[in-house]
Amino acid sequence: MPKAMVRARDAHKVYDSGAVEVHALRGVSLAVAQGEMVAIMGPSGCGKTTLLNCFSGLDDLTSGEVEIEGVPLGTMNDATRTEYRAKRMGFIFQSYNLIPVLSAVENVELPLLVSGHDAREARKRALAMLGLVGLEDRVRHKPAELSAGQQQRVAVARALVNTPAIVWADEPTGNLDSESSDQVMGLLRELNKKNRQTFILVTHDHAIGSRADRILRMVNGQIVDEVRNR
Amino acid sequence: MASEDLVPLLLQAGGGILAAFLIGLTLLVAYRAARAPVIARMAARNILRRKRRFALVVGGLMIGTAIIASSLVIGDTLEYIFVNDVYVRLHAVDEYVAREMGGGLGTPGPPVLAPIPESTFPALRDYLDSQQSAVDGVAPALMQSMPVENLNGSQGSPSVLVVGYNDSYEGAFGPLLRRDGAEAPLSSLGPLEAYVNERAGRELAVEEGHQLRLVFDSTKAAGGFAVVRVGGIVQDWGKANWERQPQILMDLSEAQRSLNYTGLINIVRVSNVGDVQAGVVHSAAVSRDLNRAVILNQMPLTVTEVKADRLREAKEFSQEVEEVFLLMGAFSITSGMLLIVNVFTMLVGERKGELGVARAIGVTRSQLLTMLVAEGVLYGLASAAVGVLAGLGLGFLVVYAFGVIFPPPEAGMVLGFHFDPISLVVAFTAGLVVTYLTVGAAALYFSRLNIVRAIRDIPEPSGGRMGWRRPSKISQRSPGAPPGASGPRLP
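Residues numbered from 1 in each chain as written. Chains lettered and ligands numbered in written order. Predicted model: local features only at pLDDT ≥ 70, side-chain atom pairs only at ≥ 80, totals over all residues. Heavy atoms only, no water.

Undergrad: Talk me through the overall build of chain B; I want residue IDs and the actual numbers.
TA: The helix and strand tally for chain B stands at 13 helices and 13 strands. Counting only contacts in chain B whose residues sit at least 6 apart along the sequence, the fraction spanning at least 24 positions is 77%. A total of about 23500 Å² of accessible surface is found on chain B, and carbon and sulfur atoms cover 61% of it. (Helix = DSSP H or I, 4+ residues; strand = E, 2+ residues; numbered from the N terminus. Contact = heavy atoms within 4.5 Å. Areas by Shrake-Rupley, 256 points an atom, 1.4 Å probe, with all protein chains shown as cover.)

Undergrad: Describe the confidence of the model for chain B, naming the residues involved and giving the relevant values.
TA: Here chain B averages 84 in pLDDT, and 87% of its residues register 70 or above. Here the prediction assigns the complex a pTM of 0.72, and the interface score ipTM is 0.91. (pLDDT = per-residue confidence, 0-100.)

Undergrad: A description of the sheet that holds strand 9 (residues 214-219) of chain A should follow, citing residues and the corresponding values.
TA: All names here are of chain A. Spatially, 6-7-8-3-9-10 is the arrangement adopted by the six strands of the open sheet, whose pairing is mixed. A strand with exactly one partner marks an edge of an open sheet, and here the two such strands are strand 6 (89-92) and strand 10 (222-228). Along the sheet, successive strands turn relative to each other by an average axial angle of 15°, direction set aside. Bridge analysis of strand 9 against strand 10 gives six bridges, and the strand direction is antiparallel. In the strand pairing of strand 10, M218 is matched with I223. Contacting strand 3 (37-41), strand 7 (166-170), strand 8 (198-202) and strand 9, helix 1 (residues 48-55) crosses the sheet at an angle of about 150° to strand 7. Packing of helix 5 (residues 148-160) onto the sheet brings it into contact with strand 6, strand 7 and strand 8, and relative to strand 6 it is tilted by some 170°. (Pairing = 2+ DSSP bridges. Axes fitted to C-alpha atoms, helices over the stretch in contact; angles between N-to-C directions.)

Undergrad: Would you mind going over the pairing of strand 12 (residues 267-272) of chain B in detail, with residue names and values included?
TA: Residues and elements named next belong to chain B. Summarising burial for strand 12: six of the six residues are buried, a large majority. Side chains of strand 12 alternate between two faces, with I267, R269 and S271 and V268, V270 and N272 buried alike. Examined bridge by bridge, strand 1 (residues 95-98) and strand 12 share three bridges and lie antiparallel to one another. Looking across to strand 12, one finds that Y96 is bridged to R269. In this sheet, strand 12 lies alongside strand 5 (residues 135-150) in antiparallel orientation, the contact comprising six bridges. Looking at the pairing, G137 lines up with S271 of strand 12. (Buried < 20%, exposed > 50% of the residue type's maximum accessible area, 1.4 Å probe, protein only.)

Undergrad: Before we move on, can you summarise the environment of M129 of chain A with the specific residues and values?
TA: Residues and elements named next belong to chain A. Mapping M129 onto the fold places it in helix 4 (residues 119-132). In this structure, the C-alpha to C-alpha distance between M129 and A159, residues 30 residues apart in sequence, is 9.9 Å. In contact with M129, other than residues within four places in its own chain, are V108, A157, L160 and V161.

Undergrad: Tell me about a nonpolar patch on the surface, residues and numbers included.
TA: Where nonpolar side chains cluster on the molecular surface, the patch consists of F396, L397, Y400, F402, V404, I405 and F406 of chain B and spans about 780 Å² of accessible area. Secondary-structure assignment places F396 of chain B in helix 10 (residues 365-405). (Patch = residues over 30% accessible without salt bridge, like charges linked within 9 Å, V, L, I, M, F, W, Y side chains within 5 Å. Salt bridge = Lys/Arg side-chain N within 4 Å of Asp/Glu carboxyl O.)

Undergrad: Just give me the short version of the pattern of salt bridges, but keep the residues and values in it.
TA: Two side chains bearing opposite charge may form a pair once their charged atoms approach each other closely. All names here are of chain B. Under the criterion given, the structure shown has 37 salt bridges over all chains. We note a salt bridge from R257 to E254, for which the minimum N-O separation is 2.7 Å. One end of the pair is R257 and the other is E254, both in helix 6 (residues 252-258) and three residues apart, which spans about a single turn. Relative accessible area serves as the criterion here: at 12%, E254 is assigned to the buried category. Linking R312 and D309 is a salt bridge whose minimum nitrogen-to-oxygen distance equals 2.6 Å. Here R312 pairs with D309, and both are found in helix 8 (residues 306-349), just three residues apart, close to one helical turn. Note on D309: relative accessible area 19%, which makes it buried.

Undergrad: So what's going on with the nonpolar core? Residues and values would help.
TA: Counting residues in hydrophobic clusters, the biggest one holds 83 residues, and the most contacted among them are L130 and L160 of chain A. Beyond its immediate stretch of four places on either side in the chain, L130 of chain A contacts A104, V105, V108, L135, E136, V139, V154 and A157 of chain A. With 41 residues, the next largest nonpolar core counts F121, L214, V230 and V268 of chain B among its residues. (Core = buried A, V, L, I, M, F, W, Y, C linked by side-chain atoms within 4.5 Å.)

Undergrad: Now, about the sheet that holds strand 2 (residues 21-33) of chain A: what can you tell me, with residues and values included?
TA: All names here are of chain A. Read from one edge of the open sheet, four strands run 2-1-4-5, paired in antiparallel fashion. Edge positions in the open sheet fall to strand 2 and strand 5 (71-72), since each of these has one partner strand only. Strand direction decides the pairing type here: strand 1 (residues 4-16) and strand 4 (residues 63-68), joined by five bridges, are antiparallel. Bridge pairing links V6 to I68 in strand 4.

Undergrad: Tell me about the side chain of S71 of chain B, and please be specific about residues and values.
TA: Residues and elements named next belong to chain B. On the secondary structure map, S71 appears in helix 3 (residues 51-90). Since its relative accessible area comes to 2%, S71 is described here as buried. Leaving out residues up to four positions away in the same chain, S71 has contacts with E322, F325 and L326.

Undergrad: Any details on helix 3 of chain B? Residues and values, ideally.
TA: Across its 40 residues, helix 3 of chain B extends 55 Å between first and last C-alpha, which sits within 8% of the 58 Å expected from 1.5 Å per residue. Two residues or fewer past helix 3 of chain B, H91 of chain B is found with a positive phi of approximately 50°. (Expected span 1.5 Å × (residues − 1).)

Undergrad: Which residues make up the packing of helix 4 (residues 120-130) of chain B against helix 7 (residues 283-296) of chain B, and what are the values?
TA: All names here are of chain B. In contact at an axis separation of 9 Å, helix 4 and helix 7 are set at 125° when each is read in the N-to-C sense. Viewed along their axes, helix 4 and helix 7 adopt a mutual orientation that is oblique. Seen along the crossing, helix 4 lies across helix 7 with a hand that is right-handed. Facing helix 4, whose interface residues are L124, Y127 and L128, helix 7 presents V286, D289, L290, R292, A293, V294 and L296. The residue inventory of the contact of helix 4 with helix 7, partitioned by class, reads eight nonpolar, no polar and two charged. (Parallel < 35°, antiparallel > 145°, perpendicular 65-115°, else oblique. Left-handed = near helix turned anticlockwise from the far one by under 90°. Nonpolar A, V, L, I, M, F, W, Y, C, P; charged D, E, K, R; others polar.)

Undergrad: Quick rundown of a negative patch on the surface? Include the residues and the values.
TA: Together, E313, E316, E320 and E323 of chain B give the surface a local cluster of negative charge. Along the chain, the position of E320 of chain B falls in helix 8. (Lys, Arg positive; Asp, Glu negative; His and termini not counted. Charge placed at Lys NZ, Arg CZ, Asp CG, Glu CD.)

Undergrad: Can you lay out the domain arrangement of chain B for me, pointing to particular residues and giving the numbers?
TA: For chain B, the domain assignment lists domain 1 (9-87 + 313-449) and domain 2 (95-304). Here the C-alpha centre of domain 2 of chain B lies 51 Å away from the C-alpha centre of domain 1 of chain B. (Domains from an automatic or database assignment.)

Undergrad: Can you break down helix 4 of chain A residue by residue, with the values?
TA: Residue pairs spaced three or four apart in an α-helix point in one direction, given the helix's 3.6 residues per turn. Residues and elements named next belong to chain A. With 14 residues, helix 4 extends 20 Å from end C-alpha to end C-alpha; this agrees with the ideal 20 Å at 1.5 Å per step. Every buried residue of helix 4 is accounted for by A122, A126, M129 and L130. Down the axis of helix 4, the smallest arc covering the buried residues is 100°, so these residues share one side. Relative to its buried face, helix 4 has exposed residues pointing more than 90 degrees away, namely R120 and K124. (Arc of directions from axis to C-beta.)

Undergrad: An account of unusual backbone geometry is requested, with residue identities and associated values reported.
TA: Residue and element names in this part refer to chain A. The phi angle at T163 is positive, at roughly 45°, despite the residue not being glycine. By secondary structure assignment, the location of T163 is in the loop between helix 5 and strand 7. Overall, the relative accessible area of 43% leaves T163 in the partly exposed class. The phi dihedral of N220 falls on the positive side, at around 55°, and the residue is not glycine. For N220, the location among the structural elements is in the loop between strand 9 and strand 10.

Listed below in structure tokens is the structure:
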């Protein structure tokens, strides 16, 4: 039985801005096995991104428990979480969020550099990853000089360059045309199979969802349905 | 140690510690940036990507430094002017012994000196010799201010200093110089002849050969006066520029005869070892010896460390002016600090999203802090350098304007701009401190940002501080795990 890379028990997240309280996660429990690709789908505002943020350790739960590779997130201090993110996780954000003052290759190699990799090795891997996403001729361009789709592909390359154990992706193909979208999903699927990397994707796109092993449907902060594609 | 000696020492020690701290901090940031070149690259490029804004920020930041620098250089200029004036007025005289009847330090004009026996001089000189005091010249003199009339013209002056010197003892006090630069020894004067300095020459419209009437005792019904012939005009330099007074200079014995001062002098001047500026370091020791000599010989005389006293006054006055300027600038400096905080917070706040992403992909809090502080260091160094230059320029303008609006109080006194390089270092350091403090506070704030709120550009909850609140930590802990556990070994 493959080990659970991510396990959550009765996770709650409440946003309290003073005037308004928003219960974004209402007792979510799930387990994602190693090498699994799970898609989280649901209407806007149902808590998908909150789930991603809290279960990856970017944000804190109000109550409940999340374990990453068997270790409770709550026992990790900020430095440990940061190190873990640099070495074992990859993130693809909805707005790609590249560092504007760094070129494409510098953005991609950043996770390797901050986790202590040799600069030459980091550059080599970054270039290889940009080649995989079809941007070998844009490596020195700054984000402002790239199209939305190209920026998204750079973000994908950045998320994958450190061969993460878990990839958290929020609308990874949101700004891509269908061809690029297909190419990127193909790459994610290939890595998922080849390296047994675990993928947790948030998406509105049924075509993307159908390529995952499992779809978890969320409504109003709760997982209401689970569909196995494989 | 007296408190007035302790304060400057404490200030110097404090300044030294501060400078060492700033250098250490700058080097630490440079070291950390060198260890993570990508962080340094991000810091540098963030500054360079908006050059106009960089210039604006530096322009705002440098105000504090410019104000401090200009205040200090104005103080330096005033100190230089007043200190220089002391050396011009006193030249080689470091101390004098006399019986003052009134006037003196703090009052206009030179002190009024009572007559003292001429034997005072060898007694003092011999005692100083016996003590091997750090003295290179001791000389008697007769100095009296009196009305003088030019009998060859209608010019007169109500107060001209008539001075009698004995050239045999004047070696350490420098020669008199004619206008062509040649020496003018008193021995070349004939009976009832005197030199006149340039200042007196102008006031009395005097030429060589003119006759001057010296009225030395106008209380006498018959009038006490003497007539001397002008044997030459000497430069307003050295002892001929004593207290910047118009002077008539003659041999001591001639002066004693003419002014009914036979066997009397009224001042013994002392020059310490070293030149005009260096001799003052021996003042305390020499004046101690002079005081002992006066007591031992039971002389009712006062020893005056005239040069040391005047220099101290000059420095105190210029420091007070400097402090006034600094105080006037303090409000601007404080406003500037608040501006820096706001500007830097705004600049960094604009980039909250990218900072959040950087944290998400593995940049640590301390790396982020290093990046932000490195930016602050670059801003600080640039603004402090520009501020120092601007302060120099501002100080120059103020001194220039002063010189135009208020002409020098004495003829020959030059209001020249002058600065001490140490003042520029102090201003640079102070400017760095201001920037480091304000930038450091903002950097610390942003290094603790909440990643998700930063990425999504959601404002912080009111009353909450970034990164400090961790809700329900207990509920996130697995059963049995100790509180604050640092976490697992990474696979």
